There are 2 protein chains.
Amino acid sequence: MNLKELSALLGLSQTTVSRALNGYTDVSEATRARVQAAAKLHDYRPNTRAQALATGRSRVIGHVIPKISTHAMVNPIFADFITGAGETYSQHGYEMLISVVDVDEEEKAYRAMKRRGLVDGLIVSAPRRNDPRIELLDGIGLPYAVHGRATGTTRPYTWLDVNNRRAFARATAFLLDLGHRRIGLINGLEVMDFAHRRRQGYEEALRARGLAPDPELMRQDEMTEGYGWRAARDMLALPDPPTAFLVSSVVCMLGVRRAVDEAGLVLGRDVSAVTHDDQLSYLRDDGPVPAFTATRSSVREAGQRLARMVIDRIDNPEAPHRQDLLEADLIIGRSTGPAPS
Amino acid sequence: MNLKELSALLGLSQTTVSRALNGYTDVSEATRARVQAAAKLHDYRPNTRAQALATGRSRVIGHVIPKISTHAMVNPIFADFITGAGETYSQHGYEMLISVVDVDEEEKAYRAMKRRGLVDGLIVSAPRRNDPRIELLDGIGLPYAVHGRATGTTRPYTWLDVNNRRAFARATAFLLDLGHRRIGLINGLEVMDFAHRRRQGYEEALRARGLAPDPELMRQDEMTEGYGWRAARDMLALPDPPTAFLVSSVVCMLGVRRAVDEAGLVLGRDVSAVTHDDQLSYLRDDGPVPAFTATRSSVREAGQRLARMVIDRIDNPEAPHRQDLLEADLIIGRSTGPAPS
DNA sequence: CCAGACGGCCAAAGCGCTTTGGACACGCCC
DNA sequence: GGGCGTGTCCAAAGCGCTTTGGCCGTCTGG
């Protein structure tokens, strides 16, 4: 059933039927009701492609996954983030397009998306410092919103981020208050803006207590379980090992716990650890007292909010850019305790 | 730059330019070369929406994520699967559309996708036993391919699955060979077809050695770290505890390891465990000797292959349905050893 | 030398929708 | 009664592609 058939059935013009369904006021309420009833009865849905062609808007929002190589890491927060965004999109009548793109073809991919009219807007994930994509997208003229920030970028842009610096400063201060003096940082890759900011928070909190950050206690890598394990194991084997860890992801934290266990130590007694917790659904740490002390911020909720932000930009491209800085909660779990004396 | 402008520029008709770019033979090689050069020079990309409208094909493949409630679990394999599929799609000029849909509106969503011409085909994930979606999609007339199988469905359909029954039978036999007699099964939800098959394999292997499956040693739930931990902890506290576990996912396995550690036992010595390993990138278990003995099968590769299968169905809807049964590798790691005597 | 095949090109229709620019009828006021 | 606003409706023109059906000249074989 298409518009032509539906209007023939009703004895009305396509114009009138279209306008009735789209809420225009120049159609009488009686006709509108009749049209709506018929549309419902025959389960009429306007063809998206035709609609998109006629209106110039596709009602699709794109997410680009840059692919480094065939064996590249998939971001573990990806699934929860997507789910959150997808919820908001469907509430607002948008669809989500996901494109896996070779990292060196990313620019071409963005341009193609625009030219081909594939999407009305984009979500930019995993911004790096001075991320070139922001200027690029402004140049292309595609509305977008960034998940995270790109330190060093001067032009205004729309973003949503967790206050990573503050979260890690608080977590560090918390560990310092517990008497820990040597605190290992098991960070994500610091080309990633969030990881860079986390280190800043960590160093800042140390310096505020007159402690100098020790390069030996700072690691960065892709956040896998294996990396968490290796990093913690190696640091625990140092002559002057840390008594606490600050960890960038629950996935890594699981590796840290393994290393601590294997060293014959007890987490929360001999060694403390605080992790950042994105509240990934399959690693949810609930229960009366959570296993891990964590700076917590839901990535699914971030997805929801950011989706709304792109939609707003699409609807209103001239509006000033919005920024949203979420504070992470500090959740006290069983992985921290006073520093052993 | 659109087709009209490009053809004006070349002094050719739109027809000729279009046909030149689309590889028709009724345009001279000289003209074709000239057209291609101009297209490249001006970075011409046909507008997807117009193309879709004209051809009746959108070159988009849909993935539906059924949403149970706001706090529902996101499948941890989702991200890697998507990445695999996305790689294949982009190689073949397809885009991937992901739709988060309330589970009770799934049927409506599929119908809408068809009517609105949103997608040319679909991937069906997480099939349940007697999954109604297969008949539904046949009825709607939308090509699809299923990731997994739906036991009880009689009509032919296209699927790709891991031989879960065989994998778990092998793993069970392996543990039995090591002398284990009480083997706990920490399974996924058994409404899911894969989990049901895994239990079959497990029970089959036990019975082949004259052992009766003990309901006390069989759990099923959503596969989170916490579930793995609780299940293992509870079973280890039984009067006659298992000496080995069979675990449905590395995510659960991490919880199992935690429970084993907390019980003061050593994994691979006091307690053995075999897990299924989807080779999720952020939980990759490499290293010279992997930490976990596992039945291993790459979900990313599954995504790649399945993507190709839908594309084949779209290109050739009358071809017989293809089925693809992948055998999992049994990888011996450090989480298994002879049963303690 | 002519019919027919063929290579190379094009005008125009059509995909299913939205939107522009009226048309028409009616009632109101001066 | 003529002019004017108002409330409803519609024909037709696009949106940017693909595809159908044909045109026109050149080549080939009988």
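Read on for a plain summary of the structure. Keep in mind it's a predicted model, so treat the numbers as computed, not measured.

**A short note on the overall build of chain A**
The helix and strand tally for chain A stands at 12 helices and 12 strands. When each of the 341 residues of chain A is scored for burial, the buried share is 55%. By sequence separation, contacts in chain A at least 24 residues apart represent 68% of the contacts at least 6 residues apart. About 14,400 Å² of surface is accessible on chain A, with carbon and sulfur atoms providing 50% of the total. Here chain A holds 44 positive side-chain charges and 43 negative ones, and the gap between their average locations is 4 Å.

**A word on the protein's contact with DNA strand D**
As a structural note, the neighbourhood of DNA strand D is formed by 26 residues, with A:Thr15, A:Thr31, B:Leu3, B:Ser18 and B:Arg19 the closest of them. For DNA strand D, the backbone portion of the atoms within 4 Å of the protein, that is sugar and phosphate, comes to 58%. The separation between a phosphate oxygen of DNA strand D and a polar main-chain atom of A:Ser13 is 2.9 Å. One nitrogen or oxygen atom from the side chain of A:Thr15 is found 2.6 Å from a base nitrogen belonging to DNA strand D. Each residue belonging to the surface near DNA strand D can be placed in one class, and the counts come to 10 nonpolar, 14 polar and two charged.

**Here's the deal with the interface of chain B and chain A**
The figure often quoted for interface size is the accessible area lost as the parts come together. Taken together, the 57 residues of chain B in the interface contact 57 residues of chain A. The junction of chain B with chain A conceals about 5,200 Å² of combined surface from both sides, 55% of it contributed by carbon and sulfur atoms. Across the contact surface, chain B and chain A share four salt bridges. At the surface where chain B touches chain A, the tally comes to 14 residue pairs in polar contact (both at pLDDT 80 or more). Contributing elements (two or more residues each) for the side of chain B that touches chain A: helix 4 (48-55), helix 5 (78-91), strand 2 (95-102), helix 6 (106-115) and helix 11 (250-262) of chain B. No other element matches helix 5 of chain B, which puts eight residues into the side of chain B that touches chain A. Grouping the amino acids of the side of chain B that touches chain A by side-chain chemistry returns 24 nonpolar, 16 polar and 17 charged. As paired elements, strand 2 (residues 95-102) of chain A and strand 2 of chain B share three bridges and run antiparallel to each other. Bridging across to strand 2 of chain B, A:Met96 finds its partner in B:Ile98.

The rules we used
- Residues numbered from 1 in each chain as written.
- Chains lettered and ligands numbered in written order.
- Predicted model: local features only at pLDDT ≥ 70, side-chain atom pairs only at ≥ 80, totals over all residues.
- Heavy atoms only, no water.
- Helix = DSSP H or I, 4+ residues; strand = E, 2+ residues; numbered from the N terminus.
- Buried < 20%, exposed > 50% of the residue type's maximum accessible area, 1.4 Å probe, protein only.
- Contact = heavy atoms within 4.5 Å.
- Areas by Shrake-Rupley, 256 points an atom, 1.4 Å probe, with all protein chains shown as cover.
- Lys, Arg positive; Asp, Glu negative; His and termini not counted.
- Charge placed at Lys NZ, Arg CZ, Asp CG, Glu CD.
- Near = heavy atom within 4 Å.
- Polar contact = N/O pair within 3.5 Å; in protein donor to acceptor, adjacent residues only side chain to side chain.
- Nonpolar A, V, L, I, M, F, W, Y, C, P; charged D, E, K, R; others polar.
- Buried area = accessible area lost by both parts, 1.4 Å probe.
- Salt bridge = Lys/Arg side-chain N within 4 Å of Asp/Glu carboxyl O.
- Pairing = 2+ DSSP bridges.

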